[in-house]
Amino acid sequence: MDTTYEPEQLGQERDRNSLRAATPIKLNKEQLYALSQVNPFVSTFHILLEWTAIVLAATVCQHFWNPLLYLATAAFIGARQHALLILMHDGTHYRLFRNRRVNDWLTELLLAWPHLVTMRSYRENHLAHHNYVNTEKDPDWLRKKDNPEWHFPQSATSLAGIFLRDLVGIGGIKLVRLGSSLSSAARAPSKAFVRIRLVFYVTAIGVLIGAGCGKALVLYWAVPYFTWLILIMRIRSIAEHFAIEGEPGPYRQTRTTHVGLLACLFVAPKNVNYHIEHHFFPSVPFFRLPKLHALLMSNGEFAGAAHITQSYAKMLLECLRQADSRESATGSLHPQPASLAMVALE
């Protein structure tokens, strides 16, 4: 195994603007090797766990049908979809299976394609994000920097309106468009890849409809996908790279957010909340991020400088406190760029 795990292996360039190049905390070779080990058994278990949870939740809700139970089930399944996408993200970094062909195909079939995206196009976008986080070379930053929805601070009314639009499905339409744009921007896939993906969709939809599960597909996949999943992905994105105050530098590019049991179940599964740790050491798979976090917190510099918020609710309150403070000081709100660290890291 390559303990240094360089995205340059995929043709990505790194320059001095790269957050990874400027990572202020270093691990020794033995520590990084131990933390970066891929475990296909753990990966398989988590993939099966999430799909099983979706099927069981839908079955229970259908058997004991109740409108309130359905709302809770839709939120739970939306969070499971989120968990599958987070596992797709690990597959993007080759962190699920040791064999890269196996890693890529299982990631596409079981994690990406069911969510109407391809891992191959996401990988090109995501590795550029890692190499040039919050700069003009970061495609995620470029998509959001001129969008008022991603300017902070914001008022509570404005933020609530954005969340409501996500919950009623408007954000879901944007996600589908984003997936399409990523595919268009990525290198053209092979004809075999396109054909296999088409066969996947035709077969999956045909089997489900043939089994009389067409209505269930809408209720227990499409509705959670276009509502709760979209909302929690936005909340997660805000937590990861937005409204972070402080002097420009690597510690102000992203934050880590602590979570409780409910947040793990319904908002941020698979340790996705440990985001600064992931950006510093993307070779570490999701199930070892808590261990990496504990190791980094034992370093006084990291513990004192990293932006760590105690919950997602407090993270949103940080945004609103900033808004309230700015409003009281100036009498009006002036949206600021989401990142306060869009500078070249020296």
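Worth saying up front: this structure is predicted, and the values here are computed from it rather than measured. (Residues numbered from 1 in each chain as written. Predicted model: local features only at pLDDT ≥ 70, side-chain atom pairs only at ≥ 80, totals over all residues. Heavy atoms only, no water.)

**Quick notes on the overall build of the protein**
Alright, step 1. When its secondary structure is counted, the protein shows 16 helices and 2 strands.
Alright, step 2. By element, 65% of the accessible surface of the protein is carried by carbon and sulfur atoms, the whole surface being about 16300 Å². (Helix = DSSP H or I, 4+ residues; strand = E, 2+ residues; numbered from the N terminus. Areas by Shrake-Rupley, 256 points an atom, 1.4 Å probe, with all protein chains shown as cover.)

**Considering the packing of helix 7 (residues 156-167) against helix 11 (residues 228-241)**
Alright, step 1. At a minimum axis distance of 7 Å, the contact between helix 7 and helix 11 shows a crossing angle of 140°. Residue-level contacts link L159, I162, F163, D166 and L167 of helix 7 to W228, I230, L231, R234, I235 and I238 of helix 11.
Alright, step 2. A breakdown of the residues in the contact of helix 7 with helix 11 according to their chemical character gives 9 nonpolar, no polar and 2 charged. (Axes fitted to C-alpha atoms, helices over the stretch in contact; angles between N-to-C directions. Contact = heavy atoms within 4.5 Å. Nonpolar A, V, L, I, M, F, W, Y, C, P; charged D, E, K, R; others polar.)

**Looking at unusual backbone geometry**
Alright, step 1. Between F152 and P153 the backbone carries a cis peptide bond, its omega angle lying at 10°.
Alright, step 2. Mapped onto the elements, P153 comes out in the loop between helix 6 (139-144) and helix 7.
Alright, step 3. In this structure, A243 is a non-glycine residue whose phi angle is positive, near 55°.
Alright, step 4. The residue A243 is located in the loop between helix 11 and strand 1 (256-257) in this model.

Worth remembering: the numbers are spatial, not functional.
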